[in-house]
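Here is how the chains run, residue by residue.
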Amino acid sequence: MDDGSYCKMFDSVFTLVFQNYQPDVIVVQCGADGLAGDPHGGFNLTPASLSHCVNKVAKSGPPVLVLGGGGYNIPNTVRCWVRVTADLLDFDLPQDIPDSDPYFLEYGPDFTFSVTPSNIKNPNTDEELKEILTLLQQNLDKMNENVPMEPANVATVI
């Protein structure tokens, strides 16, 4: 999965789910194991795509709580969280990691905030992604038929 496909799918899925559930608040857990270079993830993403998704959620209206999350390539995970945070705050991030950072050597060989995707081919076709979106819409429709969408009566705990 590359940045373009991921953002396109996220935008579609988020719109469908947001319209169906109309949340009062959203919690975003920013897992970074889909980044290029992660030994456990199977995606080929850059922080730019994850930041795009988080910003779409943040601009949707309800209050948003953003949390860090997993990632097994620690330098790339840090790069991702820094990019997401900077973008949320509309902060211009320099390209180079400051050499005063105590972990500076961990960010080699380029010592920048960017994560370069590998040359792995994205095996996902547009047709397959459309099928997934169709199934999602069908499942949401089934859920809406069977579940009343009234807020639960929740007692306040002090």
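Every value quoted in this text rests on a predicted model; they were computed, and no experiment measured them.

Some details on the environment of Ser-114
Moving on, step 1. Mapping Ser-114 onto the fold places it in the loop between helix 3 (74-88) and helix 4 (126-146).
Moving on, step 2. Among the polar contacts listed, one links the side chain of Ser-114 to the side chain of Gln-95, at a separation of 3.4 Å.

So, the packing of helix 1 (residues 3-21) against helix 2 (residues 47-58)
Moving on, step 1. Between helix 1 and helix 2, the shortest axis-to-axis distance is 9 Å and the interhelical angle comes to 15°. Taken together, helix 1 and helix 2 sit at an angle that is classed as roughly parallel. For the crossing formed where helix 1 meets helix 2, the hand is right-handed. The segment helix 1 lies against helix 2, with Asp-3, Tyr-6, Cys-7, Phe-10, Asp-11, Phe-14 and Thr-15 engaging Ser-49, Leu-50, His-52, Cys-53, Lys-56 and Val-57.

Observations regarding the packing of helix 2 against helix 3
The angle between the axes and the distance between the axes are what describe a pair of packed helices.
Moving on, step 1. Viewed as axis vectors pointing N to C, helix 2 and helix 3 meet at an angle of 40°, and their least axial separation amounts to 9 Å. The orientation of helix 2 relative to helix 3 falls into the category oblique. For the element pair helix 2 and helix 3, the recorded crossing hand is right-handed. Where helix 2 approaches helix 3, its residues Pro-47, Ala-48, Leu-50, Ser-51, Val-54, Asn-55 and Ala-58 are matched on the opposing element by Arg-79, Cys-80, Arg-83, Val-84, Asp-87 and Leu-88.

Examining the confidence of the model for the protein
Moving on, step 1. Per-residue confidence for the protein averages 90 on the pLDDT scale, and 92% of its residues sit at or above 70.
Moving on, step 2. The lowest-confidence element of the protein is helix 4, averaging 88 in pLDDT; the highest-confidence one is helix 2, averaging 97.

What about the pairing of strand 2 (residues 64-68)?
Moving on, step 1. Relative to strand 2, strand 1 (residues 26-30) runs parallel, the two being bridged by five bridges. Looking at the pairing, Gln-29 lines up with Leu-67 of strand 2.
Moving on, step 2. Handedness of the β-α-β unit built from strand 1, helix 2 and strand 2 comes out right-handed.

Considerations on the packing of aromatic side chains
Moving on, step 1. What the rule picks out here adds up to four aromatic pairs.
Moving on, step 2. Here Tyr-6 and Phe-43 contribute two aromatic rings whose centre-to-centre distance is 6.0 Å and whose plane-to-plane angle is 65°, an arrangement assigned as edge-to-face. Of the two residues, Tyr-6 sits in helix 1 while Phe-43 sits in the loop between strand 1 and helix 2, which places them 37 residues apart along the sequence.
Moving on, step 3. On the basis of relative accessibility, which here comes to 23%, the residue Tyr-6 falls in the partly exposed class.
Moving on, step 4. Pairwise contacts between aromatic rings join Phe-10, Phe-14 and Phe-18 into one cluster.

Here's the deal with the pattern of salt bridges
Any two side chains of opposite charge can pair, on the condition that their charged atoms come close.
Moving on, step 1. This structure, assessed with the given rule, holds two salt bridges.
Moving on, step 2. Here Asp-110 makes a salt bridge to Arg-79, at a shortest N to O gap of 3.6 Å. Here Arg-79 lies in helix 3 and Asp-110 lies in the loop between helix 3 and helix 4, a separation of 31 residues in the sequence.
Moving on, step 3. Judged by relative accessible area, which is 37%, Asp-110 ranks as partly exposed.
Moving on, step 4. Classification of Arg-79 by relative accessible area gives buried; the value is 4%.
Moving on, step 5. With a shortest N-O distance of 3.0 Å, Arg-83 and Asp-87 are connected by a salt bridge. Taken together, the residues span about one helical turn, with Arg-83 and Asp-87 both in helix 3 at a distance of four residues.
Moving on, step 6. A relative accessible area of 23% places Arg-83 in the partly exposed class.
Moving on, step 7. We classify Asp-87 as partly exposed; its relative accessible area is 28%.

The rules behind these values
Residues numbered from 1 in each chain as written. Predicted model: local features only at pLDDT ≥ 70, side-chain atom pairs only at ≥ 80, totals over all residues. Heavy atoms only, no water. Helix = DSSP H or I, 4+ residues; strand = E, 2+ residues; numbered from the N terminus. Polar contact = N/O pair within 3.5 Å; in protein donor to acceptor, adjacent residues only side chain to side chain. Axes fitted to C-alpha atoms, helices over the stretch in contact; angles between N-to-C directions. Parallel < 35°, antiparallel > 145°, perpendicular 65-115°, else oblique. Left-handed = near helix turned anticlockwise from the far one by under 90°. Contact = heavy atoms within 4.5 Å. pLDDT = per-residue confidence, 0-100. Pairing = 2+ DSSP bridges. Right-handed = clockwise from strand over helix to strand, strands pointing away. Phe/Tyr/Trp six-rings, centres within 6.5 Å; stacked < 30°, edge-to-face > 60°. Buried < 20%, exposed > 50% of the residue type's maximum accessible area, 1.4 Å probe, protein only. Salt bridge = Lys/Arg side-chain N within 4 Å of Asp/Glu carboxyl O.

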